[in-house]
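Geometric and topological summary
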Number of protein chains: 2
Amino acid sequence: MDEMTIKDGVENVQLLPAIYDDYGGVVVELTEHMDPTVFLTRLKTSMSQWTLQGKKGVWIKLPIHLVNLVETAVKEGFRYHHAEPDYLMLINWIPETTSTIPANASHRVGVGAVVLNDKREILLVQEKNGRWRGANAWKIPTGIVEMGEDISEGVIREVKEETGIDTEFVEVLAFRQWHKVFFGKSDLFFVCMMRRLSSDIKIQELEIEAAQWMPLEEYAALPYVEKESLMWYTSELCKAKVDKGYSGFSPQPVTSFFSDKPSHIYLNTRDLN
Amino acid sequence: MDEMTIKDGVENVQLLPAIYDDYGGVVVELTEHMDPTVFLTRLKTSMSQWTLQGKKGVWIKLPIHLVNLVETAVKEGFRYHHAEPDYLMLINWIPETTSTIPANASHRVGVGAVVLNDKREILLVQEKNGRWRGANAWKIPTGIVEMGEDISEGVIREVKEETGIDTEFVEVLAFRQWHKVFFGKSDLFFVCMMRRLSSDIKIQELEIEAAQWMPLEEYAALPYVEKESLMWYTSELCKAKVDKGYSGFSPQPVTSFFSDKPSHIYLNTRDLN
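Residues numbered from 1 in each chain as written. Chains lettered and ligands numbered in written order. Predicted model: local features only at pLDDT ≥ 70, side-chain atom pairs only at ≥ 80, totals over all residues. Heavy atoms only, no water.

Here we take up the interface of chain A and chain B. Residue-level contacts link 92 residues of chain A with 92 residues of chain B. Each partner contributes to the roughly 8300 Å² buried at the junction of chain A and chain B, and carbon and sulfur atoms together form 65% of this total. At the junction of chain A with chain B, the criterion picks out four salt bridges. Counting residues per element, the side of chain A that touches chain B draws most heavily on strand β11 (residues 167-182) of chain A, which supplies 10 residues. Of the residues contributing to the side of chain A that touches chain B, the split by class is 47 nonpolar, 25 polar and 20 charged. With four bridges joining them, β11(A) and strand β15 (residues 259-267) of chain B adopt antiparallel strand pairing. For A:Q177, the partnering residue across the bridge sits in β15(B) and is B:H264. (Contact = heavy atoms within 4.5 Å. Buried area = accessible area lost by both parts, 1.4 Å probe. Salt bridge = Lys/Arg side-chain N within 4 Å of Asp/Glu carboxyl O. Helix = DSSP H or I, 4+ residues; strand = E, 2+ residues; numbered from the N terminus. Nonpolar A, V, L, I, M, F, W, Y, C, P; charged D, E, K, R; others polar. Pairing = 2+ DSSP bridges.)

Next up, the structure:
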């Protein structure tokens, strides 16, 4: 397409390609290379038009190969909203009223797996990297859930990757919220009870130094387990689950008017029923 | 400082200001304006030096006023890691080995408050904006926790803001994980039981159309509550809490070797003790 068209003797500048959302917002998604001066002209014209139309938030999603347009957008009043490896999202709130721009993601979600065998032993690993490297500390298998992954799926994947053990998700025993863990952001860590489906340990050499089944009471008595609250709670939860029928939160499917995407609510099903 | 210094007749280019972390990483934090050509020279020299030193990840944090340097960094092989309104974080992984770059935040954390009075009535609001606007639907007060805010603090703040009611946090009754809610990111929503500390409703005019105390059975029988899973579970959880002593997850303080930042683990304290 031509960037400019002449119509009725008046120079018309094309608006930027955009989708109007239900909240008075405008979403610009650019994919084709564009000269920054052309982008500037089209952006100014588009913003005037959208201001006249009473639009509120204007979003510009710039793939990383259009990095040459970032400076222009910022100089026109856009601010960063969020970024992923391959794109940057910018936002400009037009009205004088308070912005209702949705917040950026604030938390990373971690999972830890409690897996027991039929000899009252717990599955533990020694990590090659991370906070505990070099300490030879035994800990439950842990990891970070991937984008779009359920807690219950992420923990199965991590146990399999680190130890080769197949498991089934039972319930969340507890979770911890922890702030300023990375770049000022927070962490939600879910301790999950798993049902063991296989026995043979096969460690992932890259991340894991060793893995073993350890008697639960031996684990609970390790000096660092007694001192590190989260480890201590994990061993206590484990004993409470086995010996006292502790009830955590297990997932139930939920539906919504607003989405056909499947999702789950985690709750104390024993107490609810 | 001079960008270049002459020493022993050899032109020396200053490395970029950087901090070396414990994981073989380099963190560059720039604050002063810099010409992109000067930045390019210093970046190339720094990267050569850090590669020789066996460094792994190189981070560059660019405040938004240094947006003129973003294009140069990307052309030198940096990728976006994350962004907040006032800065952009870029990353470049030097070694051939698999990257251990920490994941970006993937979840937003929402809270909903169950507040009852002594007449078995539940506190409900009608929102002016959001998904339910125009539907005149009654729902529990909800909101998004702020950066660094505990779930238990965020829910107290939201109830106060929306309805003027003072509350105390009791426990998490349930939580829902929901994917692709915004920009491909996920949402964790915590339904929280609160203890009411005051009675007089004073709504926030900007966001809230109306607020009232409604008999629990009347709320449970609303047609949209019966059909919307999360609302249905909320009313069921509420009845189970009042009538059957349902036990959710309540917070306990935890400490760690690795941090003096306070944090909390949420668990079924009744079953644990």
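Continuing now.
What follows is about the side chain of B:N104. By the element assignment, B:N104 lies in the loop between β7 (87-93) and β8 (107-115). For B:N104, the contacting residues outside a window of four places in its chain are A:A83, A:E84, A:F182, B:H81, B:H82 and B:K185.

The pairing of strands in a sheet happens through backbone hydrogen bonds and is either parallel or antiparallel. All names here are of chain A. A sheet is described by the order of its strands in space; here five strands give the open sequence β3-β4-β5-β7-β6, paired in mixed fashion. What marks the edges here is a single partner per strand, and that holds for β3 (18-20) and β6 (79-84). Across this sheet, the average inter-strand angle for adjacent strands is 20 degrees, counted without regard to direction. Across the sheet, helix α1 (residues 36-52) is in contact with β3, β4 (26-29), β5 (57-63) and β7 (87-93); its angle to β5 comes to roughly 155 degrees. (Axes fitted to C-alpha atoms, helices over the stretch in contact; angles between N-to-C directions.)

All right, on to the packing of aromatic side chains then. Counted under the stated rule, the structure contains 18 aromatic pairs over all chains. Aromatic pair A:F182 and A:F183: ring centres 6.4 Å apart, planes at 65 degrees, arrangement edge-to-face. Seen from their ring centres, B:F175 and B:F190 are 5.5 Å apart, and the 40 degrees between their planes marks the pair as tilted. Here B:F175 is found in strand β11 (residues 167-182), whereas its partner B:F190 is found in strand β12 (residues 185-196), with 15 residues between them in sequence. The pair B:F175 / B:F190 is uniform in exposure class, with both members buried. An aromatic cluster of at least three residues, connected via ring pairs, comprises A:F169, A:F175, A:F190, A:F249, A:Y266, B:F169, B:F175, B:F190, B:F249 and B:Y266. Above the ring of B:Y20, the side-chain terminus of B:K55 is found at 4.1 Å from the ring centroid. Positioned above the aromatic ring of B:Y87 is the side chain of B:K61, whose terminal nitrogen or guanidinium carbon lies 4.3 Å from the ring centre. (Phe/Tyr/Trp six-rings, centres within 6.5 Å; stacked < 30°, edge-to-face > 60°. Buried < 20%, exposed > 50% of the residue type's maximum accessible area, 1.4 Å probe, protein only. Lys NZ or Arg CZ within 6 Å of the ring centre and 35° of its normal.)

To continue, consider the domain arrangement of chain A. What the domain assignment lists for chain A is domain 1 (5-93) and domain 2 (107-266). Taking only C-alpha atoms into account, the centre of domain 1 of chain A sits 44 Å from that of domain 2 of chain A. (Domains from an automatic or database assignment.)

Further remarks concern the pattern of salt bridges. Taken as a whole, this structure holds 38 salt bridges over all chains when the rule is applied. The shortest N-O distance in the salt bridge between A:D118 and A:R196 comes to 3.7 Å. Placement of A:D118 in the loop between β8 (107-115) and β9 (121-127) and of A:R196 in strand β12 (residues 185-196) is noted, with a sequence separation of 78 residues between them. Residue A:D118 is classed as exposed on the basis of its relative accessible area of 69%. For A:K185, the salt bridge goes to B:E84, with nearest N and O atoms at 2.5 Å. You can see A:K185 sitting in strand β12 and its partner B:E84 sitting in strand β6 (residues 79-84), one on each of two chains. Comparing A:K185 with B:E84, the two get one shared label, buried.

In the superposition of chain A on chain B (RMSD 0.0 Å, axial shift 0.0 Å), the rotation amounts to 180 degrees. As the rotation angle and translation indicate, the two copies are arranged about a two-fold axis. Interface overlap between copies is the fraction of interface residues in one copy that are interface residues in the other; for chain A against chain B it reaches 100%, indicating a shared surface. (Least-squares fit on C-alpha atoms with pLDDT ≥ 70 in both.)

All names here are of chain B. Tracing the sequence through the fold places E162 in helix α3 (residues 151-163). In this structure, E162 is buried with no salt-bridge partner, the nearest side chain bearing the opposite charge being K139 at 6.1 Å. Those residues in contact with E162 that sit more than four places away from it in its chain are V125, P141, T142, K202, I203, Q204, E207 and I208. (Lys, Arg positive; Asp, Glu negative; His and termini not counted.)

We now examine the sheet that holds strand β3 (residues 18-20) of chain B. Residue and element names in this part refer to chain B. The sheet built from five strands is open, its strands ordered β3-β4-β5-β7-β6 with mixed pairing. The open sheet has two edge strands with one neighbour each: β3 and β6. Here the average twist between neighbouring strands, direction ignored, is 20 degrees. Two elements, β6 and β7, share five bridges in a ladder whose sense is antiparallel. Across the sheet, R79 pairs through a bridge with I91, a residue of β7.

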